[in-house]
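# Breakdown of the fold
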Amino acid sequence: MTTGQQARIVLIVGMMLMSAVAASTRMESQPSTQPRDAPSVFDGVVGNVAGSPELSTAKLHAALASTSAIVLDARPYEEYAVSHIHGARAVPAKRGTTPALYVGDAAEVGKSIPDKTQPLILYCNGLFCGRSERLADDLIKLGYQNVRRYQLGAPGWRALGGVMQVEKPALLRLLVQDATSVLIDARAEAGPRPRLRNAVSIPLPEASTAKDDGRLPMTDHNTRIFVVGTNGSEARAVAEAIVHDAFHNVAFFDGAIADLPELQEDEEG
């Protein structure tokens, strides 16, 4: 073999090695299709710097299930009434605050929850809301030892599949003010009495099929949807089923239809 032939062979082998290295590099730079252990969105927190710690959506679910903590809504009552996490308590406003610097009255919390070791969870209007942070600071100054914030707040709770609760005055007002809102009658029995004005009947077994027959607003999944039933448990079950069908502005009334005479049709005869 001549020197020239040997040189050509070395050149070809070198080019092959360079191509192999380049191909390997491209493969390593591409996203892997293999499953990896990744953190769940339910375990996420905002991570803002504050004097009180945060907790995740998963931990809030666990606390609500175990009833180990008291959940406080740090927003004004008018906002609480429109939609709040089920089981959360409203906190009266601290006097002398402006809307921009609104804070609940920690002293009022002290009257209703005297045990300073009681775990407390606060929330307000999401990532940039300071109301829960300010109330947490005031509670810690009063000596409360276990105060945490759900900083994702009401918007995060809804976005991650949490259903909300509406109070009666807000329900009646919003049905008048918001012409696009949908009232759902969750009662299971056929032809329920009394009938509700402008209500759509969606019992629990029909929650999914209601997407296909026009009973749910498929063109705008942000439409306000209010669910009422024979009792709060029935309304909540249907509301949760609707949320799990990708509607994220759903609230249920925790009372009974009998408590809503203002929405009932006049009986004939």
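Conventions used here
Residues numbered from 1 in each chain as written. Predicted model: local features only at pLDDT ≥ 70, side-chain atom pairs only at ≥ 80, totals over all residues. Heavy atoms only, no water. Helix = DSSP H or I, 4+ residues; strand = E, 2+ residues; numbered from the N terminus. Buried < 20%, exposed > 50% of the residue type's maximum accessible area, 1.4 Å probe, protein only. Contact = heavy atoms within 4.5 Å. Areas by Shrake-Rupley, 256 points an atom, 1.4 Å probe, with all protein chains shown as cover. Patch = residues over 30% accessible without salt bridge, like charges linked within 9 Å, V, L, I, M, F, W, Y side chains within 5 Å. Salt bridge = Lys/Arg side-chain N within 4 Å of Asp/Glu carboxyl O. Expected span 1.5 Å × (residues − 1). Pairing = 2+ DSSP bridges. Axes fitted to C-alpha atoms, helices over the stretch in contact; angles between N-to-C directions. Right-handed = clockwise from strand over helix to strand, strands pointing away.

### Examining the overall build of the chain
Each helix and strand in the chain was counted, giving eight helices and 10 strands. In the chain, which comprises 269 residues, the share counted as buried stands at 39%. Intrachain contacts of the chain at a sequence separation of at least 6 include 67% that bridge at least 24 residues. For the chain, the exposed surface amounts to about 15,100 Å²; the carbon and sulfur share of it is 56%.

### Let's talk about a nonpolar patch on the surface
On the surface, Val 46, Leu 127 and Phe 128 cluster together into a nonpolar patch covering about 330 Å² of accessible area. Relative to the assigned elements, Val 46 resides in the loop between α1 (3–29) and α2 (57–66).

### A word on helix α8 (residues 232–243)
Over its 12 residues, α8 extends 16 Å from the first C-alpha to the last, a length consistent with the 16 Å expected when each residue adds 1.5 Å. For α8, the set of buried residues is Gly 232, Glu 234, Ala 235, Val 238, Ala 239, Ile 242 and Val 243. The secondary structure elements touched by the buried residues of α8 are β7 (182–185), β9 (225–228) and β10 (250–253).

### Observations concerning the sheet that holds strand β1 (residues 70–73)
The strand order across the open sheet built from four strands is β3-β1-β4-β5, with neighbouring strands paired in parallel fashion. The open sheet is flanked by β3 (89–90) and β5 (147–149), the only strands paired with a single partner. Bridging between strand β4 (residues 120–123) and β5 involves three bridges; their strand directions are parallel. For Leu 122, the partnering residue across the bridge sits in β5 and is Arg 149.

### Side note on the sheet that holds strand β6 (residues 164–166)
Strand pairing in a sheet relies on backbone hydrogen bonds. The paired strands run either parallel or antiparallel. Pairing in this open sheet of six strands is mixed, and the strands run β2-β6-β10-β9-β7-β8 from one edge to the other. With partners counted over all chains shown, the strands left at the sheet margins are β2 (84–85) and β8 (199–201), one partner each. Along the sheet face, α8 touches β7, β9 and β10 and points at about 170° away from the line of β10.

### Overview of the pairing of β4
Residues Leu 120 and Leu 122 point to one face of β4 and Ile 121 and Tyr 123 to the other, with burial holding for every one of them. With four bridges joining them, β1 and β4 adopt parallel strand pairing. Directly across from Ile 70, in β4, lies its bridge partner Leu 120. Handedness of the crossover joining β4 and β5 through helix α5 (residues 131–141): right-handed.

### Some points on the pattern of salt bridges
Scanning the model with the defined rule gives 10 salt bridges in all. Put simply, Asp 138 and Lys 94 hold a salt bridge, and the shortest N to O gap is 3.9 Å. Taken as a pair, Asp 138 in helix α5 and Lys 94 in the loop between β3 and α4 (106–112) lie far apart in primary sequence, 44 residues in all. Among the residues examined, Asp 138 registers a relative accessible area of 18% and is labelled buried. Here Glu 262 ties to Lys 168 by a salt bridge, and the two come within 3.3 Å at their closest N and O atoms. On the criterion of sequence distance, the pair formed by Glu 262 in the segment after β10 and Lys 168 in helix α7 (residues 168–177) is long-range, its members being 94 residues apart. Its relative accessible area of 25% is what places Lys 168 among the partly exposed residues. Here the salt bridges share partners, and the residues they tie into one network are Glu 206, Asp 213 and Arg 215.

These results come straight from atomic positions and should not be treated as a statement about function.
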